[in-house]
Amino acid sequence: MPSMFERTTKKLVKEIGDGELRPVKCLERATKIRRFSLIRRKKARSLFWQLPDEPLDVSLMHILEPGSSVPDAAVEVSAVFSDTVVTKQQAAGSVNVGAEVGFSGETASCRGSSLEYQIVSTPHETWDKLQKRKLPDPEPYFLKQCREAEVNLYVVTDTVELLNSPVLQDLSSKKILGKFSLPLDILVKGKGQAEGLKVREKKLTVPKGSVVAYKRKQLIFYRRGWVIHHIADEDKQETFPAGLRGMAADEQVISVGELGRFSAGISGPAEPLTLFDP
């Protein structure tokens, strides 16, 4: 059963209507994921079993060479989402098994939330400028671990961030009434009645600035360069293509056709490119 937080984020994503948005499923990750954060995902071994995203404490900036700050003209769109659901159910019945027993029950629940949020998108111009920054040489140990573990890496490109600190509420109640009639003999009968009420209230305060949904794109590394795979084609590309592993330190020439065999649809130059090791 999904948590109160997960139910809310899924409803918000459904309301926004963007098929690439992924709801954050727990509060711990909501305070961890940011734009440019890296996501680790192992390749699924079955079409019926998809492994979840694993946010890392590493951002794209951490694995690139230091450089001048990149102007980030993020696109921000603000909105408010409120959702309240009230349900009430009743049931009654009776059974006779030597004693006549009757029962009735009533359940009610109320769930509500009000989220002020903004959708923050990263324009293509930002990625074009970032891609001028290369990977360090030697290769960062973090990337070496990911390469050896054969995991795919993704970068968070867009986020849905909270502008307020909403309180998620879940109030439920159950009321049960039971009656029974027990014949002790021909002249004497016993009767009884019982009633119970249970009320439960849950509240969760979500910190302002939490990310409740995000978009991510796959990263593809080739020697000291990198590109973003803009076409959503799950698990059919590799972050570390086998054909470009362990390249020599001297100059290597890679054609667009060669890159296209393992990363069709990625952003990059339209002409053959020459990679130099500065």
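Residues numbered from 1 in each chain as written. Predicted model: local features only at pLDDT ≥ 70, side-chain atom pairs only at ≥ 80, totals over all residues. Heavy atoms only, no water.

### Observations regarding the overall build of the protein
Check the secondary structure of the protein and you find six helices and twelve strands. Across the protein, the fraction of contacts at a sequence separation of at least 24, relative to all contacts at a separation of at least 6, is 74%. When the accessible surface of the protein is totalled, it reaches about 16,600 Å², and 54% of it is carbon and sulfur. (Helix = DSSP H or I, 4+ residues; strand = E, 2+ residues; numbered from the N terminus. Contact = heavy atoms within 4.5 Å. Areas by Shrake-Rupley, 256 points an atom, 1.4 Å probe, with all protein chains shown as cover.)

### Comments concerning the packing of aromatic side chains
Under the counting rule described, the total for this entry stands at two aromatic pairs. Measuring from centroid to centroid gives 5.5 Å for Phe36 and Trp127, while their planes differ by 70 degrees, and the two rings are edge-to-face. Remark: Trp127 occurs in helix H4 (residues 124–130) and Phe36 occurs in the loop between helix H2 (27–30) and strand S2 (37–42); sequence separation between them is 91 residues. Plain terms: the ring middles of Phe221 and Phe240 are 5.5 Å apart, the flat faces sit at 35 degrees to each other, and that makes the pair tilted. One end of the pair, Phe221, is in strand S9 (residues 211–222); the other, Phe240, is in the loop between strand S10 (225–229) and strand S11 (252–254), and 19 residues separate them in sequence. Phe221 gets classed as buried once you look at its relative accessible area, which sits at 4%. On the basis of relative accessible area, Phe240 is assigned to the buried category, the value being 2%. When the ring centre of Tyr154 is taken as reference, the NZ or CZ atom of Arg216 above it lies at 4.0 Å. (Phe/Tyr/Trp six-rings, centres within 6.5 Å; stacked < 30°, edge-to-face > 60°. Buried < 20%, exposed > 50% of the residue type's maximum accessible area, 1.4 Å probe, protein only. Lys NZ or Arg CZ within 6 Å of the ring centre and 35° of its normal.)

### Some points on unusual backbone geometry
Look at the link from Asp137 to Pro138: it is a cis peptide, with omega at 10 degrees. Relative to the elements of secondary structure, Pro138 occurs in the loop between H4 and helix H5 (141–149). Phi at Arg223 is positive, roughly 55 degrees, even though this residue is not glycine. Relative to the helices and strands, Arg223 resides in the loop between S9 and S10. Owing to a relative accessible area of 19%, Arg223 belongs among the buried residues under this scheme.

### So, the nonpolar core
By size, the foremost hydrophobic cluster in this structure holds 22 residues, and its most contacted members are Phe5, Leu12, Val24 and Val160. Of all elements in the fold, only helix H1 (4–16), strand S5 (100–121), strand S6 (151–162) and S9 reach the threshold of two or more residues within this core. When near neighbours in sequence (up to four residues on either side) are disregarded, Val160 contacts Leu12, Ile16, Leu21, Tyr117, Gln118, Ile119, Ser210, Val211, Val212 and Ala213. Ranked by size, the runner-up nonpolar core spans 19 residues in total, among them Leu56, Leu60, Val155 and Ile228. (Core = buried A, V, L, I, M, F, W, Y, C linked by side-chain atoms within 4.5 Å.)

### Observations regarding a nonpolar patch on the surface
Together, Leu171, Leu197 and Val199 line one region of the surface with nonpolar side chains, adding up to about 300 Å² of accessible area. Along the chain, Leu171 turns up in strand S7 (residues 167–183). Judged by its relative accessible area of 40%, Leu171 is partly exposed. (Patch = residues over 30% accessible without salt bridge, like charges linked within 9 Å, V, L, I, M, F, W, Y side chains within 5 Å. Salt bridge = Lys/Arg side-chain N within 4 Å of Asp/Glu carboxyl O.)

### Considering H1
In this model H1 runs 19 Å from its N-terminal to its C-terminal C-alpha over 13 residues, within 8% of the 18 Å that 1.5 Å per residue would give. When we look at burial in H1, the residues that qualify are Met4, Phe5, Glu6, Arg7, Thr8, Thr9, Leu12 and Val13. Where H1 terminates, the next one or two residues include Gly17, which has phi positive at roughly 85 degrees. (Expected span 1.5 Å × (residues − 1).)

### Side note on the pairing of S2
The side chains of a regular strand alternate between the sheet's two faces. Pairing between S2 and strand S3 (residues 54–59): three bridges, direction antiparallel. In the sheet register, Arg40 faces S3, and the bridge partner there is Glu54. The pairing of S2 with S6 spans five bridges and is classified as antiparallel. Of the residues in S6, the one forming a bridge with Lys42 is Val151. (Pairing = 2+ DSSP bridges.)

### Considering the pairing of S6
Burial analysis of S6 places twelve of its twelve residues in the buried class, the great majority of the element. Examined bridge by bridge, S6 and S9 share seven bridges and lie antiparallel to one another. Pairing of Asp158 across the sheet is with Lys215, part of S9.

### Considerations on the pattern of salt bridges
Counting across every chain of the model gives twelve salt bridges. Notably, a salt bridge pairs Glu139 with Arg147, separated by 2.6 Å at the nearest N-O pair. Take Glu139: its relative accessible area is 33%, and that puts it in the partly exposed class. By sharing partners, the salt bridges in this structure join Arg41, Asp53 and Arg216 into a single network.

### With respect to the confidence of the model for the protein
Any segment with low pLDDT has predicted coordinates that should not be analysed in fine detail. Taken residue by residue, the protein gives an average pLDDT of 77. The fraction at 70 or more is 70%. Of all helices and strands in the protein, the one with the weakest mean pLDDT is strand S12 (residues 273–275) (37), whereas strand S1 (residues 22–23) scores best (96). Segment residues 246–278: pLDDT under 50, and 59 contacts once partners within four positions in sequence are set aside and those in other chains are kept. (pLDDT = per-residue confidence, 0-100.)

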